[in-house]
Amino acid sequence: MELIIDITLLTFLGLTALAINRIDKLFCVIMLSGIYSLLCASLFVTMDAVDVAFTEAAVGTGIATVLLLSTIGATETEQRSAPHRPLFALLVVCVTGAILVYGTMDMPAFGDPNAPIHQHVAPRYVQQSQHEIGSDNIVTSILSSYRGFDTLGETVVIFTAGLAVVGLIGFRGMQKFGDRQRAAGVTQNEMEQHLVLRIVIKMFIPLILLFALYVQFHGDFGPGGGFQAGVIFASAFIFYTLMSGLDAAMRVVSPRTLSYIAALGVLLYGGVGIATMLMGGNYLAYNVLRHDPLHGQHLGIFLIEVGVGTTVFSVMVLIFFAFSSRKGLRQ
Amino acid sequence: MNIGAHYNYWVAIFLMMTGFYVVITHGNLIKKLVGLNLFTTSVFILYISLAKVKGGTAPILVPGVEVYSNPLPHVLILTAIVVGVATTAVGLALVLLIYDRYGTIEEDEIRLKDDSL
Amino acid sequence: METFLILASTLCISIGVFLGITGAVGIFRMPNFFTRLHAASVTDSGCASMLLFGLMLQSGFTVATVKLCFILFFLLISSPTAGHALSKTALSCGAQPTPLPREER
């Protein structure tokens, strides 16, 4: 039964990929790429990767689609050129694909429990993580504790991406003088026009924020953690921007504040490592943070997830603000 | 050659090659970035297929369950997804800058403008 | 009781699948943007609600049912809002709800 679901999803993925190749209208291409991400997320669920599915649905479908749409809103909406040398490219692609397929001949069968990948480090993580770290979600314990350095690097990468986007594009500034009515957000007339949207969004924003906090703090017990929570938190702010306009959203949280929050998140993460060193352990060895290793692990994981969540949230909102303040999109 | 054993990997390779084809043939910068996204997501499918254990369940400890899928590739792919979207964001920022400078996002027209400078 | 629940949930899920296929066929076959939007909204509201309801019947009185209830509530409010936003935008961009008959042009 699982095999049928697997095959169906993979077939749809293939068809979507082929459609992305053929279609010229960029809006359709972006929507198809969103569908592709969602199909991937479903595929990850059938392959037991629930954390990954959550992240792919939140990050890959949500944020990537929003950013792509902002970009075509500011540039062009249709592809104009024909493919360059399609036959030669097809040949190159087929040869590369054949070589890769030849490479998979030696790989273990799908789902084989005796594959080499399951023999060395993974059994130790699965069997010992409850005893050494105390969290139910093995992925969170590996992400935050066993492989904490990688996650620190990832947080810094997100921070750097935010820096790069702000440095490349920047903001066009808030309306300090000029038309008061525009600066107040939306006029009375526009408010009445978009009444349904405004009411529904107002109803949903607190629920979304609450759900983001739930995902943040339940990373230990179920799928979740800092990344997903940060993205969901950012989506509430994006929602508010769609409702009230960029100026009102920038007055709620200004880009300056967001930069400080992003830096604070990375600082918190690195600071936990420095704190553990000052208390006598290695960098990011949470055991020394408290009297008891398990409590120390819990505190360490909690703090770094908060750091990750705040950095991801602020960078995503910062990037969205930067993209939305382009001339083509300001309303 | 057992098809059921390797079907996932072959489809992942097919998607990878489709993404690769989109990147190298199309001249529109945004389509290239979407193709790159396609490529990276197919690599994720490959890794997660490697992690699956038959009869296992999601790697969240539940009393009574003995076999779990391998959690290590999940962690690696979590990082990869977020890094991928960060790269896409920077790429799109560059596309916006190119549009400001050249007035177009088609590679041929950009090259023409460059040659005529 | 058990068999009744299983029967009811199978019925709900089958109705949901039928509505989903209907919506998908409608998107292709309908002539106009607004009729296509209606077909899409059948998928959003009808198919998703029926599927979720069928799943709720199958999981009995557990936490999973409460979570499914929340998802159903969220979907029932957000899907029609999305349809409303789409149709409002289409109207303000000039799409007509019905094509004008020839003699009135």
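Residues numbered from 1 in each chain as written. Chains lettered and ligands numbered in written order. Predicted model: local features only at pLDDT ≥ 70, side-chain atom pairs only at ≥ 80, totals over all residues.

**Section: the overall build of chain A**
Right, on to step 1. Counting secondary structure elements, chain A contains 14 helices and zero strands.
Right, on to step 2. For chain A, the α and β elements follow one another from N to C terminus as α-α-α-α-α-α-α-α-α-α-α-α-α-α.
Right, on to step 3. Counting all 331 residues of chain A, 42% fall into the buried class.
Right, on to step 4. By sequence separation, contacts in chain A at least 24 residues apart represent 70% of the contacts at least 6 residues apart. (Helix = DSSP H or I, 4+ residues; strand = E, 2+ residues; numbered from the N terminus. Buried ≥ 20, exposed ≤ 12 C-beta atoms within 10 Å, placed from the backbone. Contact = placed C-beta atoms within 7 Å.)

**Here we look at the overall build of chain B**
Right, on to step 1. Scanning chain B for helices and strands turns up four helices and zero strands.
Right, on to step 2. Against the globule reference of 13 Å for 117 residues, chain B gives a C-alpha radius of gyration of 20 Å, more extended than a compact globule.
Right, on to step 3. Its C-alpha atoms give chain B principal-axis dimensions of roughly 70 × 35 × 10 Å.
Right, on to step 4. Per-residue burial for chain B yields a buried fraction of 55% across its 117 residues.
Right, on to step 5. Within chain B, residue pairs in contact and separated by at least 24 positions form 44% of the contacts whose partners lie at least 6 positions apart. (Rg over C-alpha atoms; globule rule 2.2 N^0.38 Å.)

**What to know about unusual backbone geometry**
Residue and element names in this part refer to chain A.
Right, on to step 1. Phi is positive for arginine 85, which is not a glycine, with a value near 45 degrees.
Right, on to step 2. Topologically, arginine 85 is positioned in the loop between helix H3 (50-74) and helix H4 (86-104).
Right, on to step 3. According to the C-beta neighbour criterion, arginine 85 is exposed, with 11 such atoms within 10 Å.
Right, on to step 4. With a phi angle near 60 degrees, leucine 284 is a residue other than glycine that sits in the positive phi range.
Right, on to step 5. With respect to the helices and strands, leucine 284 occurs in the loop between helix H13 (255-278) and helix H14 (293-324).

**Observations concerning the confidence of the model for chain A**
Residue and element names in this part refer to chain A.
Right, on to step 1. When pLDDT is averaged along chain A, the result is 87, and 92% of the positions lie at 70 or above.
Right, on to step 2. The secondary-structure element of chain A with the lowest mean pLDDT is helix H8 (residues 180-183), recorded at 44, while helix H2 (residues 26-46) shows the highest, at 94.
Right, on to step 3. Considering only residues more than four positions removed or in separate chains, one finds that residues 174-186, a stretch of pLDDT under 50, has 15 contacts. (pLDDT = per-residue confidence, 0-100.)

**Digging into the domain arrangement of chain A**
A common way to state how big an interface is: give the accessible area lost once the parts meet.
All names here are of chain A.
Right, on to step 1. What the domain assignment reports for chain A is domain 1 (1-108) and domain 2 (134-331).
Right, on to step 2. Between domain 1 and domain 2, the C-alpha centre-to-centre distance is 27 Å.
Right, on to step 3. Contacts between the two partners involve 14 residues from domain 1 and, on the opposite side, 17 residues from domain 2.
Right, on to step 4. A breakdown of the residues in the side of domain 1 that touches domain 2 according to their chemical character gives eight nonpolar, five polar and one charged. (Domains from an automatic or database assignment. Nonpolar A, V, L, I, M, F, W, Y, C, P; charged D, E, K, R; others polar.)

**Some points on the environment of Ser59(C)**
All names here are of chain C.
Right, on to step 1. Here serine 59 is to be found in helix H2 (residues 33-59).
Right, on to step 2. Here serine 59 falls in the partly exposed class, since 15 other C-beta atoms lie within 10 Å of it.
Right, on to step 3. Separated by 54 residues in sequence, serine 59 and leucine 5 have C-alpha atoms that sit 9.6 Å apart.
Right, on to step 4. Those residues in contact with serine 59 that lie beyond four places of it in its chain are Ala64 and Thr65.

**With respect to the packing of helix H1 (residues 2-22) of chain A against H2(A)**
Two numbers describe a pair of packed helices, the interaxial angle and the distance between the axes.
Residue and element names in this part refer to chain A.
Right, on to step 1. Where H1 meets H2, the closest approach of the two axes is 10 Å, and the angle between their N-to-C directions is 160 degrees. On the basis of the axis angle, H1 is roughly antiparallel to H2. The hand of the H1/H2 crossing is left-handed. Contacts between H1 and H2 involve Glu2, Ile5, Asp6, Leu9, Phe12, Leu13, Thr16, Ala17, Ala19 and Ile20 from the former and Val29, Leu32, Ser33, Ile35, Tyr36, Leu39, Cys40, Ser42, Leu43 and Thr46 from the latter. (Axes fitted to C-alpha atoms, helices over the stretch in contact; angles between N-to-C directions. Parallel < 35°, antiparallel > 145°, perpendicular 65-115°, else oblique. Left-handed = near helix turned anticlockwise from the far one by under 90°.)

**Some details on the arrangement of the chains**
Right, on to step 1. Among the two pairs of chains that make contact, the interface with the largest number of contacts is formed by chains A and B.
Right, on to step 2. Where chain B comes nearest to chain C, the C-alpha atoms are still 15 Å apart, and the two do not contact one another.

**Some points on helix H1 (residues 2-29) of chain C**
Residues and elements named next belong to chain C.
Right, on to step 1. Between its first and last C-alpha atoms H1 spans 40 Å; for 28 residues at 1.5 Å apiece the expected length is 40 Å, and the two agree.
Right, on to step 2. Burial in H1 covers these residues: Cys12, Gly16 and Gly23.
Right, on to step 3. Against the buried residues of H1 lie H2. (Expected span 1.5 Å × (residues − 1).)

**Structural notes on the nonpolar core**
Right, on to step 1. In this structure, Met316(A) and Ile319(A) are the most contacted members of the largest nonpolar core, which totals 121 residues.
Right, on to step 2. Viewed by domain, this core spans two of them, domain 1 (1-108) and domain 2 (134-331) of chain A, each represented by three or more residues.
Right, on to step 3. Excluding anything up to four places from it in sequence, Met316(A) contacts Ile63(A), Gly230(A), Val231(A) and Ala234(A).
Right, on to step 4. Residues Met50(C), Leu52(C), Met56(C) and Leu57(C) belong to the second largest nonpolar core, which totals eight residues. (Core = buried A, V, L, I, M, F, W, Y, C linked by C-beta atoms within 7 Å.)

**Topic: the interface of chain A and chain B**
Right, on to step 1. The interface is formed by 81 residues belonging to chain A together with 69 residues belonging to chain B.
Right, on to step 2. Elements that contribute at least two residues to the side of chain A that touches chain B include exactly H1, H2, H3, H4, helix H5 (122-132), helix H6 (138-146) and helix H7 (148-168) of chain A.
Right, on to step 3. Broken down by element, the residue count for the side of chain A that touches chain B peaks at 14 residues, all from H3(A).
Right, on to step 4. Class assignment of the residues belonging to the side of chain A that touches chain B gives a composition of 52 nonpolar, 19 polar and 10 charged.

**Some words on the confidence of the model for chain B**
Residues and elements named next belong to chain B.
Right, on to step 1. On average, residues of chain B carry a pLDDT of 89, and 97% of them reach 70 or more.
Right, on to step 2. Confidence scores differ between elements of chain B, with helix H4 (residues 107-115) showing the lowest mean pLDDT of 87 and helix H2 (residues 29-51) the highest of 93.
Right, on to step 3. Here the complex is predicted with pTM 0.90, and the ipTM for its interfaces comes to 0.94.

**Looking at the packing of H2(A) against H2(B)**
Right, on to step 1. At a minimum axis distance of 11 Å, the contact between H2(A) and H2(B) shows a crossing angle of 10 degrees. Compared by their axis directions, H2(A) and H2(B) come out roughly parallel. In this structure, H2(A) contributes Leu26(A), Val29(A), Ile30(A), Ser33(A), Tyr36(A), Ser37(A), Cys40(A), Leu43(A) and Phe44(A) to the contact, and H2(B) contributes Ile30(B), Lys31(B), Val34(B), Asn37(B), Leu38(B), Thr41(B), Phe44(B), Ile45(B) and Ile48(B).
Right, on to step 2. Grouping the constituent residues of the contact of H2(A) with H2(B) by class yields 13 nonpolar, four polar and one charged.

**Brief notes about the environment of Leu68(A)**
Right, on to step 1. Within the secondary structure layout, Leu68(A) lies in helix H3.
Right, on to step 2. When the C-alpha positions of Leu68(A) and Ser33(A) are compared, they lie 9.9 Å apart, and in sequence the two are 35 residues distant.
Right, on to step 3. What Leu68(A) contacts, discounting residues up to four positions off in sequence, is Ile30(A), Ile30(B) and Leu92(B).

**Considerations on H5(A)**
Right, on to step 1. For H5(A), every residue scored as buried is listed here: Ala122(A), Tyr125(A), Val126(A) and Ser129(A). Looking down the long axis of H5(A), one finds its buried residues gathered within 95 degrees of arc, a one-sided arrangement. Facing away from the buried side of H5(A), by more than 90 degrees, are the exposed residues Pro123(A), Arg124(A), Gln127(A) and His131(A).
Right, on to step 2. In this structure, the buried residues of H5(A) make contact with H6 of chain A together with helix H3 (72-102) of chain B.
Right, on to step 3. Among the residues trailing H5(A), Gly134(A) stands out with phi positive, at a value near 90 degrees. (Arc of directions from axis to C-beta.)

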